[in-house]
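An overview of the molecular structure
So the chains spell out like this:
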Amino acid sequence: MVSTRTQQVADLFDLVAPTYDQVGVDLFQPIAQRLVELLHPGPGDRAVDLGCGRGALTIPLAEAVGPDGTVTAGDVSPAMVEAAQQATRHLPQVTVEHLDAGEPDLSSQSADIVAASLVIFFLPEPADALQRWVRLLVPGGRIGLTTFGAQDEVWKSVDALFDPYLPADMLDARTSGARGPFGSSDATSELLRSAGLTAVETLVEPLTVSFDDPEMWRRWTMSVGQRRMWGFVPDSERPELFARAAALLGAARDGVGPIRLRQDVRYSLGTAPLS
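Residues numbered from 1 in each chain as written. Predicted model: local features only at pLDDT ≥ 70, side-chain atom pairs only at ≥ 80, totals over all residues. Heavy atoms only, no water.

**A few points about the overall build of the chain**
Our working rule: Only runs of H or I of at least four residues qualify as helices and only runs of E of at least two qualify as strands under DSSP, and these elements are numbered from the N terminus. A radius of gyration in this sense is built from C-alpha atoms; the matching globule rule multiplies 2.2 Å by the number of residues raised to 0.38. We call a residue buried when its accessible area falls under 20% of the maximum for its residue type, exposed when it is over 50%, and partly exposed in between, using a 1.4 Å probe and counting protein chains only. Whether two residues are in contact is decided by their heavy atoms, any of which lying within 4.5 Å being enough. Within this scheme the basic residues Lys and Arg register as positive and the acidic residues Asp and Glu register as negative, but His and the chain ends are omitted. Every charge is mapped to an atom, namely NZ of Lys, CZ of Arg, CG of Asp or CD of Glu.
If you tally the helices and strands in the chain, you get 12 helices and seven strands. Over its C-alpha trace the chain gives a radius of gyration of 19 Å, about what one expects of a compact globule, namely 19 Å for 275 residues. Dimensions of the chain along its principal axes, counting C-alpha atoms only, are 55 × 40 × 40 Å. Within the chain, the proportion of its 275 residues that are buried is 49%. Considering only contacts in the chain between residues 6 or more positions apart, those separated by 24 or more positions represent 77%. Put simply, the chain has 22 plus and 36 minus side-chain charges, and the middle of one group is 3 Å from the middle of the other.

This is the structure:
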């Protein structure tokens, strides 16, 4: 039986699946592509993509392992599973399943690579989940995950507009990433070491995310997990919140060009022990 939090995540991503990563904002795909580059999958490798969404990570993994390799991808959202199946139907080495990344039922499989992009912080017990992921790896297999680091001041100020409306559990420092396993690169690396991984490292790289205008930002927030934050804002107060966000976003615009915001991304990597 899935936890209440896991079911909430599944319901949220069922809701956003039709527009997720479909509004012209480059975020998930460049992050996924970079993770694949850092993991160095080779032809014939067996890879697992946990929390696959629409397949931003699944597709470059499949291209890297080639027709002699395999990619098993899964998501807790049935709508995301369906979307990923459609996106990868031209890749026979890919299998997409409905599964809970926190407790993936893949005991009959072994993997050279386990990857999860922007997933682990959604899980109720990330440390326990990571230990389960490590057990999927063959000795010497590699694991890679991505999490969010710092934002520039404009993006941080825009997101802070939602704070007065959010429940306590979403403002908790452990949930927000202000502290805990996702509060710093050292903490995220320690999470991997605690799961028994070796050669652990976390790299932080900035990503510039562009929006044509504030309306594009609004559409994007409604197409990703941030839609849950909008859900706590009363309908009557949403226009005022958007107007304040638009004013802040204007500070990140270069003349009549796009709005450019910076999001640091953490890439955490580790290797399963050889024995």
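Moving on from the model shown.
**With respect to the packing of helix H1 (residues 4-16) against helix H4 (residues 78-87)**
Going by this rule: With axes taken as lines fitted to C-alpha atoms, and helix axes fitted only over the stretch in contact, angles between N-to-C directions fall between 0 and 180 degrees. Oblique is the label for any angle not covered by the other classes, which are roughly parallel (under 35 degrees), roughly antiparallel (over 145) and roughly perpendicular (65 to 115). Classification convention: Asp, Glu, Lys, Arg as charged; Ala, Val, Leu, Ile, Met, Phe, Trp, Tyr, Cys, Pro as nonpolar; all other residues, Gly among them, as polar.
Where H1 contacts H4, the two axes come as close as 7 Å, and the packing angle between them is 45 degrees. What the angle tells us is that H1 and H4 run oblique. Residues Phe13, Asp14 and Val16 of H1 pack against Pro78, Ala79 and Met80 of H4. Among the residues making up the contact of H1 with H4, the classes are represented as five nonpolar, no polar and one charged.

**What about the environment of Ser157?**
Here is the rule we go by: Between N or O atoms, a polar contact is any pair within 3.5 Å; within protein, one atom must be a potential hydrogen donor and the other a potential acceptor, and residues adjacent in sequence are included only when both atoms are from side chains.
Within the element layout of this structure, Ser157 appears in helix H6 (residues 153-160). For the pair Ser157 and Phe242, spaced 85 residues apart in the sequence, the C-alpha separation amounts to 13 Å. Side-chain polar atoms of Ser157 contact the backbone oxygen of Glu153, separated by 2.9 Å.

**Overview of the packing of helix H10 (residues 214-221) against helix H12 (residues 238-249)**
Filter applied, for reference: Less than a right angle of anticlockwise turn of the near helix away from the far helix marks a crossing as left-handed, whereas a clockwise turn marks it as right-handed.
Close contact between H10 and H12 brings their axes to 9 Å; oriented N to C, the two are set at 120 degrees. Taken together, the axes of H10 and H12 lie oblique to each other. At the point where H10 passes H12, the crossing takes the right-handed sense. Between H10, through Pro214, Glu215, Trp217 and Arg218, and H12, the contact on the second element is made entirely by Phe242, Ala245, Ala246 and Leu249. Split by residue class, the contact of H10 with H12 holds six nonpolar, no polar and two charged.

**Focus on the sheet that holds strand E4 (residues 111-117)**
Counted only if it meets this: Two strands pair if DSSP finds at least two bridges between them.
Taking strand neighbours across the sheet as the criterion, the seven strands line up as E3-E2-E1-E4-E5-E7-E6 in an open arrangement whose pairing is mixed. Edge positions in the sheet fall to strand E3 (94-98) and strand E6 (198-211), since each of these pairs with one other strand and no more. This sheet shows a mean twist of 20 degrees between the axes of neighbouring strands, independent of strand direction. As paired elements, strand E1 (residues 46-50) and E4 share three bridges and run parallel to each other. Pairing of Val48 across the sheet is with Val114, part of E4. Contacting E1, strand E2 (70-75), E3 and E4, helix H3 (residues 58-65) runs over the sheet at an angle of about 170 degrees to E2.

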